[in-house]
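This is what each chain is made of:
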Amino acid sequence: MAHVVLDLNDLRPIFGRPEWLGDEVRDVLPAGWSVAVLDTPAEGTGDGSSAAHPQVLAEVADARVYMGFGISPDVLTAGPGFTDRPWPRRSWG
């Protein structure tokens with residue numbers, strides 16, 4: 001089963017992840033995909049945190065997609081499914 005990780009719970013409440021986000025993402029994914037909406041605090045300033053929270057590392061272990069603020073090297077290492085994918089993409093809305 002393909003797995004998506006949403007690591008978007010910004011420490012700053014004004015930029016926090018809306019509660020409906022997980023449901024919206026689930027609704028547009030193909031059948032058989034799962035979504036992990038993490039409640040761990042995420043550093044959304046600059047390029048994100050230099051080290052990921054342990055829960056993030058556990059979730060990306062079988063993920064095909066990671067959505068977060070920046071991407072630390074430990075996320076790439078912990079997510080072996082990322083190594084056969086194109087380089088991470090960045091979007092500015």
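Residues numbered from 1 in each chain as written. Predicted model: local features only at pLDDT ≥ 70, side-chain atom pairs only at ≥ 80, totals over all residues. Heavy atoms only, no water.

Caption draft 1: A look at the layout of surface pockets. Approximately 150 Å³ is the volume attributed to the second largest pocket. Lining the second largest pocket are 17 residues; nearest its centre among them are Asp 7, Ser 49, Ala 51, Ala 52 and Tyr 66. (1 Å grid on protein atoms, 1.4 Å probe; cavity = no way out; pocket = protein on both sides within 12 Å on 5 of 7 lines; lining within 4 Å. Points joined across faces, edges and corners; volume = space filled by probe spheres on them.)

Caption draft 2: Molecular detail of the side chain of His 3. Take His 3: it is sitting in strand β1 (residues 3-7). There is a polar contact of 2.7 Å between the side chain of His 3 and the side chain of Ser 34. If near-sequence neighbours (up to four positions away) are discounted, His 3 is found in contact with Trp 33, Ser 34, Ala 36, Glu 59, Asp 62, Ala 63, Arg 64 and Val 65. (Helix = DSSP H or I, 4+ residues; strand = E, 2+ residues; numbered from the N terminus. Polar contact = N/O pair within 3.5 Å; in protein donor to acceptor, adjacent residues only side chain to side chain. Contact = heavy atoms within 4.5 Å.)

Caption draft 3: Main features of the side chain of Ser 72. Relative to the elements of secondary structure, Ser 72 occurs in the loop between β3 (65-68) and α3 (73-78). For Ser 72, a relative accessible area of 6% corresponds to the buried category. (Buried < 20%, exposed > 50% of the residue type's maximum accessible area, 1.4 Å probe, protein only.)

Caption draft 4: Representation of the sheet that holds β3 within the structure. Taking strand neighbours across the sheet as the criterion, the 3 strands line up as β2-β1-β3 in an open arrangement whose pairing is parallel. Here the strands that pair on one side only, and so sit at the sheet edges, are β2 (34-37) and β3. Averaged over all neighbouring strand pairs, the angle between strand axes comes to 15°, with direction disregarded. The sheet contacts of helix α1 (residues 21-28) involve β1 and β2, and relative to β2 the element is tilted by about 165°. (Pairing = 2+ DSSP bridges. Axes fitted to C-alpha atoms, helices over the stretch in contact; angles between N-to-C directions.)

Caption draft 5: A look at the pattern of salt bridges. Scanning the model with the defined rule gives 3 salt bridges in all. Ionic pairing is found between Arg 17 and Asp 39, a salt bridge with its closest N-O pair at 2.6 Å. Of this pair, Arg 17 sits in the loop between β1 and α1 while Asp 39 sits in the loop between β2 and α2 (54-60), and the two are 22 residues apart along the sequence. Relative accessible area serves as the criterion here: at 58%, Asp 39 is assigned to the exposed category. A salt bridge links Arg 26 to Asp 23, with the shortest nitrogen-to-oxygen separation between them at 3.2 Å. Residue Arg 26 and its partner Asp 23 are located together in helix α1, separated by 3 residues, close to a single helical turn. Owing to a relative accessible area of 47%, Asp 23 belongs among the partly exposed residues under this scheme. (Salt bridge = Lys/Arg side-chain N within 4 Å of Asp/Glu carboxyl O.)

Caption draft 6: Region of the structure containing the confidence of the model for the protein chain. Across the protein chain, the average pLDDT comes to 83, with 85% of residues at 70 or higher. Predicted confidence in the protein chain is weakest over α3, with a mean pLDDT of 84, and strongest over β2, with 95. (pLDDT = per-residue confidence, 0-100.)

Caption draft 7: Spotlight on α1. Considered for burial, the residues of α1 that qualify are Leu 21, Gly 22 and Val 25. The arc that holds the buried residues of α1, viewed along the axis, is 95°, so those residues lie on one side. Here the buried face of α1 lies against β1 and β2. (Arc of directions from axis to C-beta.)

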